[in-house]
Amino acid sequence: PVASPSTPFSAWSTSGGDNSRRGAFHRAVGLDAKPHRTLPAQGAVQASVVFDPSGRSFVADMAGGMQAYSREGGPLWQKRLTGGISATPAVDLDGQRLFAATHAGWVYALETSSGAVAWKKEIPTKSDARILSDLLFLPKQPAVVLSSWGGRFCRLDAETGKERHSWDAGISPYAGAMADNDGNAYCLRAVGKEGVQLVRVGAEGKESILHTQPEGKRSANRLLVAASPVLDPERQVVYFVTNEDQGGRLHAWSVPDHKLRWSERFANSIGATPTVAPDGTICVADMAGWVHALAPDGTRGYRYATNCEYLLAGGICDQRGTVFIGDPLGVVHAIPAQGAGTILYETPGAIQGRPAFDAHGNPVTVNSAFFDR
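(A) Layout of the overall build of the protein. Helix and strand counts for the protein stand at 0 helices and 32 strands. Relative to its length of 373 residues, the protein is compact, with a C-alpha radius of gyration of 19 Å against a globular reference of 21 Å. Principal-axis analysis of the C-alpha atoms gives the protein an extent of 50 × 45 × 35 Å. Of all 373 residues assigned to the protein, the portion counted as buried reaches 61%. Put simply, of all contacts in the protein between residues at least 6 apart along the chain, 46% involve residues at least 24 apart. If you sum the accessible surface of the protein, you get close to 13700 Å²; carbon and sulfur atoms cover 47% of it. The centroid of the 36 positive side-chain charges in the protein is displaced by 3 Å from the centroid of its 36 negative side-chain charges.

Right, dumping it as structure tokens:
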């Protein structure tokens, strides 16, 4: 089947916009020299901001705070959950629910209109309960997919929170899953004596290992697995990152051909989820502060220096291919398709989360003090 995002674009409802995680916005946007407004949170913010079709924004923070704002920026409701939140929540665009998960191992379904708890579930674990992976909502089932630090991915019923099935998430799971239009979830996992695997799990729980990148001299428990797989639906390609003893590698997996199209190595490790522009250009942020652009065939394009020591989160891009990305120094960069990037503005706190686009087309960045809109 032809791979495509599992929801049409009507709001930036999850990290990366939709279930493809590619970070592409449907129109060109203007560049502003300063934020339109700043909105407070109850704690430091690492999770991306998400939106519903009415333009309401939802902000999760490391104090366990969950807050909602109107399209105009007015406060609507505020909630305190059990445990801090660093995983980006997901919005059910039809059912008017918001799904959030915490470092204490709890998953919540909240009503977007009021913040009322529809259900909550504690994810069982024998070790660490933290949920770090960005949430994924599958509308056809409907279901919520996430992993805990205990080493399992779970697919939960979105109406009740009941577990439908679970599967191995590997060692120290951090990377979130992505999905295609048929409800297949794609994820990465580190496996001892094996390496890093790209895995597809069907709606009924059938698991397929699509590719294994063997571990090198360092064991799998030393490998950084933080970047989520990304889908380019037009070209039917899944992009995913594996890190090695030294450096990282970006792979392009062909969905119809069921094989790798190409693999490109980078000198530095990669922890940020890649961005796929509308023309198919792939942008990769590495752990040395560089943003790299590659053509769909893997040919290298521009290389942009943020002058930051490392980049933790990937970027997002508009219809013209301008990439917006924030760094741990609090600087927001705008990088046009030609690669001659500029500093858009500076924030007072570190930026550790991927930006988002609101309904007006404004790039939204989050940092340790507040988020900018």
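(B) Fine view of the pattern of salt bridges. On inspection of all chains with the given rule, the structure shows 12 salt bridges. In this structure, Glu-159 and Arg-97 form a salt bridge, with 4.0 Å as the shortest nitrogen-oxygen distance. Taken together, the residues Glu-159 in the loop between β12 (152–157) and β13 (163–168) and Arg-97 in strand β7 (residues 97–101) connect sequence positions 62 residues apart. By sharing partners, the salt bridges in this structure join Arg-97, Glu-111 and Glu-159 into a single network.

(C) Looking closely at the pairing of strand β21 (residues 259–266). By the bridge criterion, 7 bridges tie strand β20 (residues 248–254) to β21 in an arrangement that is antiparallel. Residue pairing for β21: Gly-248 is matched across the bridge by Phe-266. Counted between consecutive antiparallel strands, the loop separating β20 from β21 contains 4 residues, among which His-258 sits at a positive phi close to 55°.

(D) Spotlight on the environment of Ala-175. As for its position among the elements, Ala-175 is in the loop between β13 and β14 (178–179). With a relative accessible area of 2%, Ala-175 lands in the buried category. Not counting residues within four places of it along the chain, the set of residues in contact with Ala-175 comprises Ser-133, Ser-147, Phe-153, Val-225, Ala-226, Ala-227 and Ser-228.

(E) Quick peek at the pairing of strand β17 (residues 207–214). Here strand β16 (residues 195–201) pairs with β17 via 7 bridges, running antiparallel. Considered in β17, the bridge of Val-201 is made with Glu-207. The antiparallel pairing of β16 with β17 creates a hairpin that spans 5 residues between the two strands, and Gly-205 there sits at a positive phi of about 100°.

(F) Region of interest: the nonpolar core. Membership of the largest hydrophobic core comes to 36 residues, with the highest contact counts inside it found for Phe-58, Met-66 and Leu-98. Sequence-distant contacts of Phe-58, that is, excluding residues within four places in its chain, are made with Val-49, Val-50, Phe-51, Asp-52, Met-66, Gln-67, Ala-68, Trp-77, Val-91, Leu-98 and Thr-112.

(G) Region of the structure containing the environment of Gly-183. Looking at the element boundaries, Gly-183 is found in the loop between β14 and β15 (185–191). Expressed as a C-alpha distance, the spacing of Gly-183 and Asp-168, which sit 15 residues apart in the sequence, is 18 Å. In contact with Gly-183, not counting residues within four places along its chain, are Leu-138, Gln-141, Arg-155, Val-201, Gly-202 and Ala-203.

(H) Spotlight on unusual backbone geometry. Cis geometry is adopted by the peptide bond preceding Pro-142, which originates at Gln-141 and carries an omega value of -25°. One non-glycine residue with positive phi stands out, namely Gln-96, at about 60°. Counting through the fold element by element, Gln-96 comes out in the loop between β6 (90–92) and β7. In this structure, Gln-236 takes a positive phi of about 55° despite not being glycine. Counting through the fold element by element, Gln-236 comes out in the loop between β18 (230–232) and β19 (237–243).

(I) Expanded view of the packing of aromatic side chains. Throughout the structure, instances matching the rule amount to 9 aromatic pairs. On the basis of an interplanar angle of 40° and a centroid distance of 6.1 Å, the ring pair of Phe-99 and Trp-119 is categorised as tilted. Here Phe-99, found in strand β7, pairs with Trp-119, found in strand β9 (residues 117–122); they are 20 residues apart in sequence, far enough to count as distant. When sorted by exposure, Phe-99 lands in the same class as Trp-119, which is buried. Taken together, Trp-12, Phe-25, Phe-324 and Phe-357 form an aromatic cluster joined through their ring pairs. In this structure, Arg-130 is placed above the aromatic ring of Trp-149, and the distance from its NZ or CZ to the ring centre is 4.8 Å.

(J) Highlighting the side chain of Thr-112. In this structure, Thr-112 sits in the loop between β8 (106–111) and β9. Excluding anything up to four places from it in sequence, Thr-112 contacts Asp-52, Arg-56, Phe-58, Trp-77, Gln-96, Arg-97 and Leu-98.

(K) Layout of the sheet that holds β20. Within the open sheet, the 4 strands sit side by side as β18-β19-β20-β21. Their pairing is antiparallel. At either end of the open sheet lies a strand with only one pairing partner, and these are β18 and β21. The sheet shows a mean angle of 25° between the axes of neighbouring strands, taken without regard to direction. Sheet analysis places β19 next to β20, joined by 7 bridges and oriented antiparallel. Across the sheet, residue Val-238 finds its bridge partner in β20, namely Trp-253.

The rules we used
Residues numbered from 1 in each chain as written. Predicted model: local features only at pLDDT ≥ 70, side-chain atom pairs only at ≥ 80, totals over all residues. Heavy atoms only, no water. Helix = DSSP H or I, 4+ residues; strand = E, 2+ residues; numbered from the N terminus. Rg over C-alpha atoms; globule rule 2.2 N^0.38 Å. Buried < 20%, exposed > 50% of the residue type's maximum accessible area, 1.4 Å probe, protein only. Contact = heavy atoms within 4.5 Å. Areas by Shrake-Rupley, 256 points an atom, 1.4 Å probe, with all protein chains shown as cover. Lys, Arg positive; Asp, Glu negative; His and termini not counted. Charge placed at Lys NZ, Arg CZ, Asp CG, Glu CD. Salt bridge = Lys/Arg side-chain N within 4 Å of Asp/Glu carboxyl O. Pairing = 2+ DSSP bridges. Core = buried A, V, L, I, M, F, W, Y, C linked by side-chain atoms within 4.5 Å. Phe/Tyr/Trp six-rings, centres within 6.5 Å; stacked < 30°, edge-to-face > 60°. Lys NZ or Arg CZ within 6 Å of the ring centre and 35° of its normal. Axes fitted to C-alpha atoms, helices over the stretch in contact; angles between N-to-C directions.

None of this, on its own, says anything about what the molecule does.
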